[in-house]
Amino acid sequence: MPDTTAPQKFEFQAEIKQLLDIVIHSLYTEKEIFVRELVSNASDALEKLRHTQITEKEIFDDKLDLEINLTTDDKAKTLTIQDFGVGMTRAELVENLGTIAHSGSKAFLKALGEGGAKNSNLIGQFGVGFYSAFMVAKSVKVYTHSWRAGEPGQLWESDGSGSYAIEESEGQRRGCKIVIELKDDCDEFAQEWRVKEILERYSAFVSVPVNLNGKRINTVQALWLRSKNEIKDEEYTEFYKFQAHAYDEPRLRLHFSADAPLAINALLFVPKENTEKLGFARTEAAVSLYCRKVLIDAKPKDLLPEWLRFLKGVVDSEDLPLNISRETMQDKALIEKLNRVITKRFLKFLDEEAKNRPDAYNEFYAEFGVFLKEGAAIDFTHKEQITKLLRFESSLTEKGKTTSLADYVSRMGSEQKEIYYLVGPNRAAIESGPYLEGFKARNLEVLFCYETVDEYVMNHVREFDGKKLTAADHADVKLADLPKPEGALSEDDTKTLIAWLKTALGERVAEVKTSDRLVDSPVLALNADKSMSPHMRRMMKAMNKDGESPVRVNLEINPRHAVFKRLFEMHTAAPAKAQLVAEQLLDNALINAGLLEDANAMVARLNKLLETI
Ligand code: FE6
């Protein structure tokens, strides 16, 4: 029988040596994460004990509180982390280092070799988080006593250089007590305020009490793991304020869990206000990623698509390694999978909200709709689901009321093949312009878009339910014939007048033709470049992309309008005046289109015409 009471010295296995070397010298830039790793181990050991208490009768040192105690000693430069968890037997201690850590560290080293080392936290992934203590430690002592009665207490000790010692040690309470003697340049971790800061950041939701120098640190519950019907609204609100550092109340919340394809517990909030709209900087991702209540990343970049950056809250997945890395393919794929599941679920939630609480949904949309538009335009994976959620005013809604594309389609007549929209600054501007009247006269609904992004969004969404989204002021739009009213200019006379107008207006028009869009107004201008609507043209102008070239448009005329009857007579009887009228009509159309570049010439001409009244 070997004497197990005397300290027994062991060499670390080659892989562990290598691992320690990397951990100590090059792996981490943030040394503070060792606290998270050790607290997480302690929390696991306590969870295991809770389970063991149910299945086993005899437990060593029962009646101890299930909690984690940290103590700092800035004189002695030590940090101690102690738990009353399951603890380890001597065999487990040896085995821990022999097999688990061994195979873990092998996998770890392999991952490092594959390029995962650069900026990542690989270590905890393989159950070797404990070794991160050696980043800051001169020496580490592990006092432990297993829950199994009849096993003596143990002391494991190492300076991380090449060997460790194990000896029996009397007077241990159950669990683990890890005493870290800090390196001189790491003595900040013997400061209470510093450790407090770290615990608040990484371990705020650990389910067992975490005490630092006798004071409780974690007082907020991990609400997302509790069952929905036990949670009061006020608790959700309080949690939201804590998690999002917010002062408002959440506008919407989604609390859900899933088992497949990944185990997920998530609690997501939409804030009351869209701060980007208020002119604040671009919102940063603020849905934190947890693994069983332990923070993995407070601001994970790829957990949600960019256009969901307004969400706050927590996603917790058991299937994640604590030290997930953006560098390894495997972890990248995991995050992508999480992203897809959560995004789909959130979109489903919005869809349900829109059905069940339309008023709340519309208020949400008024505030955050711009994000959905961004998503519809650029997120190919979710485009269809997002497009269903878009809302617009239209020629058939009341002012301030909106319609979905699906409802628009349900109102379309059988001959209508496309979904029409017009972009303009507001309802009044669109309704008073010349573009709408032809659609109104044919009972065609037109969506009204008031935001600058809408043109872009419509162009990228392209179609809905198999129907093309078409700008009503686009040159290509063909509308059915309307009955000709009495007193319209005859077809021959119209042809003559058009030929004359083309010469009269010269370079300023690419084409002149009769319009099927006009009912009450005499003229309208369409962009000669078919790929551009007048609105797009205005935007290009604003961005100065197309600033130099003079505006050249297609002019559509309304031969039913009285002005053309008069102009027809005038173009032979008083050609000079007719010339002025023609130019003025073109400028009027340009003003409607928002494309008139210089009003001075126009006003001078108009004054000249006014002299003739
Ligand atoms: C991590 C020491 C090797 C338990 N409780 C706590 N930590 C634990 C275990 N670990 N493994 C089991 C670990 C050490 C060495 C691994 Br040496 F703490 N708190 Cl039961």
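Residues numbered from 1 in each chain as written. Predicted model: local features only at pLDDT ≥ 70, side-chain atom pairs only at ≥ 80, totals over all residues. Heavy atoms only, no water.

Thoughts on the site of the ligand
Here comes step 1: Neighbouring residues of the ligand: 13 residues in total, closest Ala45, Asp83, Gly87, Asn96 and Trp156.
Here comes step 2: One of the side-chain nitrogen or oxygen atoms of Asp83 is found 2.9 Å away from a nitrogen atom of the ligand.
Here comes step 3: With the chains in place, 90% of the 460 Å² that the ligand exposes on its own is no longer accessible.
Here comes step 4: At three residues, the largest contribution of residues to the shell around the ligand is made by helix H2 (residues 33-55).
Here comes step 5: Class assignment for the residues of the shell around the ligand results in nine nonpolar, three polar and one charged. (Near = heavy atom within 4 Å. Polar contact = N/O pair within 3.5 Å; in protein donor to acceptor, adjacent residues only side chain to side chain. Areas by Shrake-Rupley, 256 points an atom, 1.4 Å probe, with all protein chains shown as cover. Helix = DSSP H or I, 4+ residues; strand = E, 2+ residues; numbered from the N terminus. Nonpolar A, V, L, I, M, F, W, Y, C, P; charged D, E, K, R; others polar.)

Regarding unusual backbone geometry
Here comes step 1: The residue after Ala260, namely Pro261, is reached through a cis peptide bond having omega 0°.
Here comes step 2: With respect to the helices and strands, the residue Pro261 is situated in the loop between strand E10 (252-258) and strand E11 (264-270).
Here comes step 3: Notably, Lys77 is not glycine yet its phi reads approximately 55°, a positive angle.
Here comes step 4: Tracing the backbone shows Lys77 in the loop between strand E2 (68-73) and strand E3 (78-83).
Here comes step 5: Relative accessible area serves as the criterion here: at 27%, Lys77 is assigned to the partly exposed category.
Here comes step 6: Unusually for a residue other than glycine, His245 sits at a positive phi of about 50°.
Here comes step 7: By the element assignment, His245 lies in the loop between helix H5 (233-244) and E10.
Here comes step 8: Judged by its relative accessible area of 68%, His245 falls in the exposed class. (Buried < 20%, exposed > 50% of the residue type's maximum accessible area, 1.4 Å probe, protein only.)

Side note on the side chain of Arg90
Here comes step 1: Along the chain, Arg90 turns up in helix H3 (residues 90-116).
Here comes step 2: Glu168 is the oppositely charged side chain nearest to the buried, salt-bridge-free Arg90, at an N-O distance of 5.9 Å.
Here comes step 3: Within polar-contact distance, the side chain of Arg90 engages the side chain of Gln8 at 2.3 Å. (Lys, Arg positive; Asp, Glu negative; His and termini not counted. Salt bridge = Lys/Arg side-chain N within 4 Å of Asp/Glu carboxyl O.)

Regarding the layout of surface pockets
Here comes step 1: Roughly 790 Å³ of internal volume is contained in the second largest pocket.
Here comes step 2: Listing elements by their share of the lining of the second largest pocket, those giving two or more residues are helix H4 (192-202), H5, strand E12 (286-291) and helix H7 (358-378).
Here comes step 3: Examining the composition of the lining of the second largest pocket, we find that four residues originate from one element, H5, more than from any other. (1 Å grid on protein atoms, 1.4 Å probe; cavity = no way out; pocket = protein on both sides within 12 Å on 5 of 7 lines; lining within 4 Å. Points joined across faces, edges and corners; volume = space filled by probe spheres on them.)

Let's talk about the pairing of strand E7 (residues 175-182)
Here comes step 1: Counted residue by residue, E7 has six buried out of eight residues, so it is predominantly covered.
Here comes step 2: Examined bridge by bridge, E3 and E7 share six bridges and lie antiparallel to one another. When the bridges of E7 are listed, Ile81 appears paired with Ile178. (Pairing = 2+ DSSP bridges.)

A closer look at the sheet that holds E11
Here comes step 1: Spatially, five strands are ordered E10-E11-E14-E12-E13 in an open sheet, and the strand pairing comes out mixed. Both outer strands of the open sheet, E10 and strand E13 (294-297), are each paired with one neighbouring strand and no more. When the angles between neighbouring strand axes are averaged without regard to direction, this sheet yields 25°.
Here comes step 2: In terms of strand pairing, E12 meets strand E14 (residues 312-316) through five bridges, oriented parallel. Looking across to E14, one finds that Val287 is bridged to Gly313. (Axes fitted to C-alpha atoms, helices over the stretch in contact; angles between N-to-C directions.)

Quick notes on the nonpolar core
Here comes step 1: In this structure, Ile264, Val315, Phe346, Leu372 and Leu501 are the most contacted members of the largest nonpolar core, which totals 106 residues.
Here comes step 2: For this core, the leading source of residues is helix H6 (residues 329-356), giving 10 residues.
Here comes step 3: Apart from residues lying up to four places away in sequence, Leu501 is in contact with Gly506, Val512, Ile557, Phe564, Leu567 and Ala582.
Here comes step 4: The next biggest cluster of nonpolar side chains, apart from the first, holds 72 residues, and it includes Leu19, Leu93, Tyr131 and Leu199. (Core = buried A, V, L, I, M, F, W, Y, C linked by side-chain atoms within 4.5 Å. Contact = heavy atoms within 4.5 Å.)

Topic: the pattern of salt bridges
Here comes step 1: Tallied over the full model, the rule gives 35 salt bridges.
Here comes step 2: One salt bridge in this structure joins Lys348 and Glu352, with 3.9 Å as the shortest N-O distance. Of the two residues, Lys348 and Glu352 are both situated in helix H6; the distance of four residues between them amounts to about one turn of the helix.
Here comes step 3: On the basis of relative accessibility, which here comes to 32%, the residue Glu352 falls in the partly exposed class.
Here comes step 4: With a closest N to O distance of 2.6 Å, Arg508 and Asp587 form a salt bridge. Here Arg508, found in the loop between helix H13 (491-505) and strand E21 (509-514), pairs with Asp587, found in helix H16 (residues 575-593); they are 79 residues apart in sequence, far enough to count as distant.
Here comes step 5: Overall, the relative accessible area of 3% leaves Asp587 in the buried class.
Here comes step 6: The structure contains a network of salt bridges with shared partners spanning Glu32, Glu188, Arg194 and Glu197.

A short note on a nonpolar patch on the surface
Here comes step 1: There is a patch of nonpolar side chains on the surface, built from Leu606, Leu610 and Ile613 and spanning about 330 Å² of accessible area.
Here comes step 2: With respect to the element layout, Ile613 can be found in the segment after helix H17 (599-611). (Patch = residues over 30% accessible without salt bridge, like charges linked within 9 Å, V, L, I, M, F, W, Y side chains within 5 Å.)

Section: helix H14 (residues 534-542)
Here comes step 1: When we look at burial in H14, the residues that qualify are Pro534, His535, Met536, Arg537 and Met539.
Here comes step 2: Elements in contact with the buried residues of H14: strand E17 (418-423), helix H12 (452-461), strand E22 (523-527) and H16.

Notes on the packing of aromatic side chains
Here comes step 1: This model, assessed by the stated rule, comprises 27 aromatic pairs.
Here comes step 2: Ring plane angle 75° and centroid distance 5.6 Å describe the contact between Phe130 and Trp156, whose orientation is recorded as edge-to-face. With Phe130 in the loop between H3 and strand E4 (137-145) and Trp156 in strand E5 (residues 154-158), the pair connects residues that are 26 residues apart, well separated along the chain.
Here comes step 3: Residue classification places Trp156 among the buried positions, given a relative accessible area of 1%.
Here comes step 4: Taking 5.7 Å as the distance between ring centres and 80° as the angle between the ring planes, the aromatic pair formed by Phe205 and Phe242 counts as edge-to-face. (Phe/Tyr/Trp six-rings, centres within 6.5 Å; stacked < 30°, edge-to-face > 60°.)

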